[in-house]
Amino acid sequence: MSEFNDDYPAYEFMSQHSEEDGKKARRTLWNVFWVMLIITLVELVIGFMAPGQGWSGTTWLKFFFITLTIAKAAAIVWWFMHLGHEVSYFKYVILIPYTLLIGYAIFILLVEGTYFGKPENHTRVESTFVQQKKNLEAAHGAHGAAHSDAHAEEGHH
Amino acid sequence: MSHSTEIDSKHAWDGGQSPFRLSYGKIMMWFFLVSDALTFGGLLCAYGFFRHKYAADWPKAEDVFTHFPFVEQHIPLAYVGLMTFILIMSSVTMVLAVEAGHRKDKKKVIVWMFWTIVGGATFVLSQAWEWYHFIVGTEHGAVGSVWDPELGKYVTQTIYGANMTINEYAVAVPQFANCFFFITGFHGFHVFSGVVINFIIFLNVINNTYEKRGHYEMVEKVGLYWHFVDLVWVFVFTFFYLL
């Protein structure tokens, strides 16, 4: 099975296993599935209840959802994609670069997003949307009134 | 589960063997998935950026995605919950196909891959349905101002549904619909291509290709891709529908 004409061991065969091992593996996989299903149901029920309870958009609810999401993602990668059973070199090669790069992206997102969210830092493109809001206001009075964001913009122009 | 040879860390990088104890194809599939995950990470970060910037005007998902097939009442999040269930389920059938491949159980591989393809196709069709309702919009619509090039000014009119320039869910924030189309569209395209690739491998399994080869590693490789599609949906589901 040496596809590249070298004498590497045939790793394709190494993951094959016996009937008993298969039974054990299947039990683990079904357990993972049930846990993921329960997590999803909990997320949905809480997401459904949130508006009535006034939880919508609260910080703790966001962190709660993100934590459950990362738990689910970890379960998929660890058991379904079998990364948990690969040799540790391979785990590092996959996980470390990804964590570093995505951590950097999130850092940039938070820093630049906070800067860009301030009205005094808005770009010229913004004026289109401000104009749209003004037109809306003119047509409908108080209805569809612009937010404080747009007023700050007006003062700026 | 049972990797026969443990790695000898002193000689792992001396050549003549893979320090990862994996075949070339599987390693490359993983590397591709890492890069693809970064693409999705970039898209979701851009989404977070827009949402942070237009926080005041950003619509709530439970007000937008309320449709359910064959049901008159509006049930927020129910349909997307069902879609999530279908995709997780198809991920389980995929991993069971991989497991059957490890035992060289051709019949079980065929059965589980068949259900994976059915689940994937159902998901793609569900997404098409979701897009249809998102684009057509509600009966009442929303009032917004639209640029009229002939008159050379903004005209106030009722907006129905969504496109790339304006949408009724967030009249002042076209980015909402843009993000929806780009991110769920990019993910949907991954699901679609996953279904096609799964189908090709499914035909190969039926034609004894892997029986002759002695191993079912191709099933494992498409399995990795399929789980990745599920993985991305877990994040899209959270950031688009729950938060």
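This text follows the structure it describes.
It should be emphasised that the depicted structure is a prediction, and the values quoted were computed from it without experimental measurement.

Cut-offs used in this document
- Residues numbered from 1 in each chain as written.
- Chains lettered and ligands numbered in written order.
- Predicted model: local features only at pLDDT ≥ 70, side-chain atom pairs only at ≥ 80, totals over all residues.
- Helix = DSSP H or I, 4+ residues; strand = E, 2+ residues; numbered from the N terminus.
- Buried ≥ 20, exposed ≤ 12 C-beta atoms within 10 Å, placed from the backbone.
- Rg over C-alpha atoms; globule rule 2.2 N^0.38 Å.
- Contact = placed C-beta atoms within 7 Å.
- Core = buried A, V, L, I, M, F, W, Y, C linked by C-beta atoms within 7 Å.
- Axes fitted to C-alpha atoms, helices over the stretch in contact; angles between N-to-C directions.
- Parallel < 35°, antiparallel > 145°, perpendicular 65-115°, else oblique.
- Nonpolar A, V, L, I, M, F, W, Y, C, P; charged D, E, K, R; others polar.
- Expected span 1.5 Å × (residues − 1).
- Pairing = 2+ DSSP bridges.
- Left-handed = near helix turned anticlockwise from the far one by under 90°.

Let's talk about the overall build of chain A
Helix and strand counts for chain A stand at 5 helices and 0 strands. When the helices and strands of chain A are listed from N to C terminus, the series reads α-α-α-α-α. Per-residue burial for chain A yields a buried fraction of 18% across its 157 residues.

A short note on the overall build of chain B
When helices and strands are counted, chain B shows 7 helices and 2 strands. Walking chain B from its N terminus toward its C terminus, one meets helices and strands in the order α-α-α-α-β-β-α-α-α. Compactness check: chain B gives a C-alpha radius of gyration of 23 Å against a globular reference of 18 Å for 243 residues, more than 25% above the reference. When the backbone C-alpha atoms are referred to their principal axes, chain B occupies close to 70 × 45 × 30 Å. Across the 243 residues of chain B, 40% fall into the buried class. Sequence-distant contacts, at least 24 apart, represent 63% of the contacts inside chain B between residues at least 6 apart.

Observations concerning the nonpolar core
Judged by nonpolar contacts, the single largest core of 73 residues is most densely connected at A97, V109, V219, V236, F237 and Y241 of chain B. Elements supplying a minimum of two residues to this core: helix 1 (19-53) and helix 2 (59-80) of chain A together with helix 1 (24-53), helix 2 (61-64), helix 3 (78-102), helix 4 (106-136), helix 5 (174-206) and helix 7 (217-242) of chain B.

What about the packing of helix 1 of chain A against helix 3 of chain B?
Remark: helix 1 of chain A packs on helix 3 of chain B, axes separated minimally by 11 Å, with the N-to-C direction vectors making an angle of 170 degrees. One element, helix 1 of chain A, and the other, helix 3 of chain B, form an angle in the roughly antiparallel class. Along its contact with helix 1 of chain A, which presents G22, A25, R26, L29, F33, M36, L37, T40 and L44 of chain A, the element helix 3 of chain B presents G81, T84, F85, I88, V92, V95, L96, E99 and H102 of chain B. When grouped by side-chain class, the residues that make up the contact of helix 1 of chain A with helix 3 of chain B number 11 nonpolar, 5 polar and 2 charged.

Some details on the interface of chain B and chain A
Listed per partner, the contact involves 58 residues of chain B and 62 residues of chain A. Of all the elements in the fold, those that place two or more residues in the side of chain B that touches chain A are helix 1, helix 3, strand 1 (142-148), strand 2 (153-159) and helix 7 of chain B. Looking at side-chain class alone, the side of chain B that touches chain A contains 29 nonpolar, 20 polar and 9 charged residues.

A word on the environment of A74 of chain A
With respect to the helices and strands, A74 of chain A occurs in helix 2. When the C-alpha positions of A74 of chain A and G84 of chain A are compared, they lie 9.6 Å apart, and in sequence the two are 10 residues distant.

What to know about helix 1 of chain B
In this model, helix 1 of chain B (30 residues) spans 44 Å end to end at C-alpha, consistent with the 44 Å of a helix rising 1.5 Å per residue. Along helix 1 of chain B, the residues classified as buried are K26, W30, L33, A37, L44, Y47 and K53 of chain B. Each element contacted by the buried residues of helix 1 of chain B is listed here: helix 3 (88-117) of chain A together with helix 5 and helix 7 of chain B.

Quick look at the pairing of strand 1 of chain B
Relative to strand 2 of chain B, strand 1 of chain B runs antiparallel, the two sharing 7 bridges. Directly across from S145 of chain B, in strand 2 of chain B, lies its bridge partner T156 of chain B.

Comments concerning the packing of helix 3 of chain B against helix 7 of chain B
Residues and elements named next belong to chain B. In contact at an axis separation of 9 Å, helix 3 and helix 7 are set at 160 degrees when each is read in the N-to-C sense. When the axis of helix 3 is compared with that of helix 7, the two are roughly antiparallel. At the point where helix 3 passes helix 7, the crossing takes the left-handed sense. Contacts from V80, T84, L87, I88, S91, M94, V95, A97, V98 and G101 in helix 3 reach V219, E220, G223, W226, H227, D230, W233, F237 and Y241 in helix 7. Class assignment of the residues belonging to the contact of helix 3 with helix 7 gives a composition of 12 nonpolar, 5 polar and 2 charged.

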